[in-house]
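The residues making up each chain are set out below.
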Amino acid sequence: MRVFLFANISLIIKYSMAVKTQVDVSWNDVETYIENGAKWIEEHYDHDLDFIIAISRGGLIPGTMMSHRLRIPLLVVDVKSYDDKSQTQQLESVINQEFRLNKIKDKNVLLVDDICDTGNTIKLLRDRYFTTVNDIFTFVLHLKEGASQLPLAGCQSEVKPSCWIMYPWELS
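Our subject in this report is the structure included herewith. Keep in mind the model is a prediction, meaning the values are calculated, not measured.

**Description of the side chain of K144**
Item 1. Here K144 is to be found in strand 6 (residues 135-144).
Item 2. Look at K144 and you get buried, because its relative accessible area is 8%.
Item 3. At a separation of 2.7 Å, a polar atom in the side chain of K144 contacts the main-chain carbonyl oxygen of C163.
Item 4. When neighbours within four sequence positions are excluded, K144 is seen to be in contact with I115, C116, D117, V159, K160, P161 and C163.

**What about unusual backbone geometry?**
Item 1. With an omega dihedral of 5°, the bond running from S56 to R57 counts as a cis peptide bond.
Item 2. For R57, the position within the fold is in the loop between strand 2 (51-56) and helix 2 (60-70).
Item 3. The phi angle at R71 is positive, at roughly 55°, despite the residue not being glycine.
Item 4. For R71, the location among the structural elements is in the loop between helix 2 and strand 3 (74-80).
Item 5. R71 sits in the exposed class, given a relative accessible area of 74%.
Item 6. Even without being glycine, D106 reaches a positive phi, approximately 60°.

**Structural notes on the environment of L70**
Item 1. Residue position: L70 is located in helix 2.
Item 2. In this structure L70 comes out as buried when scored by relative accessible area, which is 14%.
Item 3. A sequence separation of 32 residues divides L70 from A38, and the C-alpha atoms of the two residues are 6.7 Å apart.
Item 4. Ignoring sequence-local partners within four residues, the contact set of L70 consists of A38, I41, E42, I52 and L110.

**Some points on the pairing of strand 2**
One face of the sheet, then the other: side chains in a regular strand alternate in exactly this way.
Item 1. Within strand 2, six of the six residues are buried, which leaves it mostly tucked inside the rest of the structure.
Item 2. A two-sided burial pattern is seen for strand 2, the buried positions comprising F51, I53 and I55 on one face and I52, A54 and S56 on the other.
Item 3. Bridge analysis of strand 2 against strand 5 (residues 108-116) gives four bridges, and the strand direction is parallel. By the bridge assignment, F51 is partnered in strand 5 with V109.

**Quick word on the packing of aromatic side chains**
Item 1. The full count for this structure, using the stated rule, is four aromatic pairs.
Item 2. Ring geometry for W40 against F137: centres 5.8 Å apart, planes inclined by 10°, an arrangement best described as stacked. With a gap of 97 residues between them, W40 in helix 1 (residues 27-44) and F137 in strand 6 connect regions that are remote in the sequence. Of the two residues, W40 and F137, both sit in the buried class.
Item 3. Each residue in the set W27, Y167 and W169 is aromatic and connected to the rest through ring pairs, giving one cluster.

**Details of the pattern of salt bridges**
Side-chain pairing between opposite charges can occur once the charged atoms of the two side chains come close.
Item 1. Inspection of every chain in the model, using the stated rule, returns six salt bridges.
Item 2. Ionic pairing is found between R69 and E35, a salt bridge with its closest N-O pair at 2.8 Å. Here R69 is found in helix 2, whereas its partner E35 is found in helix 1, with 34 residues between them in sequence.
Item 3. A salt bridge links D127 to R126; the shortest N-O distance between them is 3.4 Å.
Item 4. Classification of D127 by relative accessible area gives partly exposed; the value is 40%.
Item 5. Taken together, the salt bridges that share partners define one network made up of E35, K39, E42 and R69.

**Structural notes on the packing of helix 1 against helix 2**
Angle between the axes and distance between the axes are the two parameters that describe a pair of packed helices.
Item 1. Here helix 1 crosses helix 2 at 50°, and the two axes come no closer than 10 Å. The angle between helix 1 and helix 2 places the two elements in the oblique class. Where helix 1 crosses over helix 2, the handedness of that crossing is right-handed. On helix 2, the residues touching W27, V30, E31, I34, E35, G37, A38, K39, I41 and E42 of helix 1 are I61, P62, M65, M66, R69 and L70.
Item 2. Taken together, the residues of the contact of helix 1 with helix 2 break down into ten nonpolar, one polar and five charged.

What counts and how
Residues numbered from 1 in each chain as written. Predicted model: local features only at pLDDT ≥ 70, side-chain atom pairs only at ≥ 80, totals over all residues. Heavy atoms only, no water. Helix = DSSP H or I, 4+ residues; strand = E, 2+ residues; numbered from the N terminus. Buried < 20%, exposed > 50% of the residue type's maximum accessible area, 1.4 Å probe, protein only. Polar contact = N/O pair within 3.5 Å; in protein donor to acceptor, adjacent residues only side chain to side chain. Contact = heavy atoms within 4.5 Å. Pairing = 2+ DSSP bridges. Phe/Tyr/Trp six-rings, centres within 6.5 Å; stacked < 30°, edge-to-face > 60°. Salt bridge = Lys/Arg side-chain N within 4 Å of Asp/Glu carboxyl O. Axes fitted to C-alpha atoms, helices over the stretch in contact; angles between N-to-C directions. Parallel < 35°, antiparallel > 145°, perpendicular 65-115°, else oblique. Left-handed = near helix turned anticlockwise from the far one by under 90°. Nonpolar A, V, L, I, M, F, W, Y, C, P; charged D, E, K, R; others polar.

Read these as layout, nothing more, since geometry by itself doesn't imply function.
Structure below.
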């Protein structure tokens, strides 16, 4: 398992023991994360990537941006790792109908999401659905400390579990 953290000076995170801290991420921050991640992938990844797979919903924008930057086709997979109504950590997978697993058989894929809270979503995809890929490489914008299953590689910033990340595409 490979995990690489890229330093980003523009994002300053204030930690608080008692209160959840909100981190506001700007479009400029996201563009910097994508550019740094793309450069690292180009310099260190030793296979040609066939597809970028964005995890809906949080990974749609970073996945699209990475797809444009690396000029690699984009696929979308819809997976929920929590119950929308109760906000509980129930891992339920929902693979959307347009996503065809046979498209990625024997391919090299980059899995993209906005944040790795626990790692359960990435683990589910890797272990249950993406077993026939040649190689899978993972990129997230933020990694929560203590995630049970770390991404295979590539995250821009590590944050405390109590941090709430507010991306520019989210409604406040």
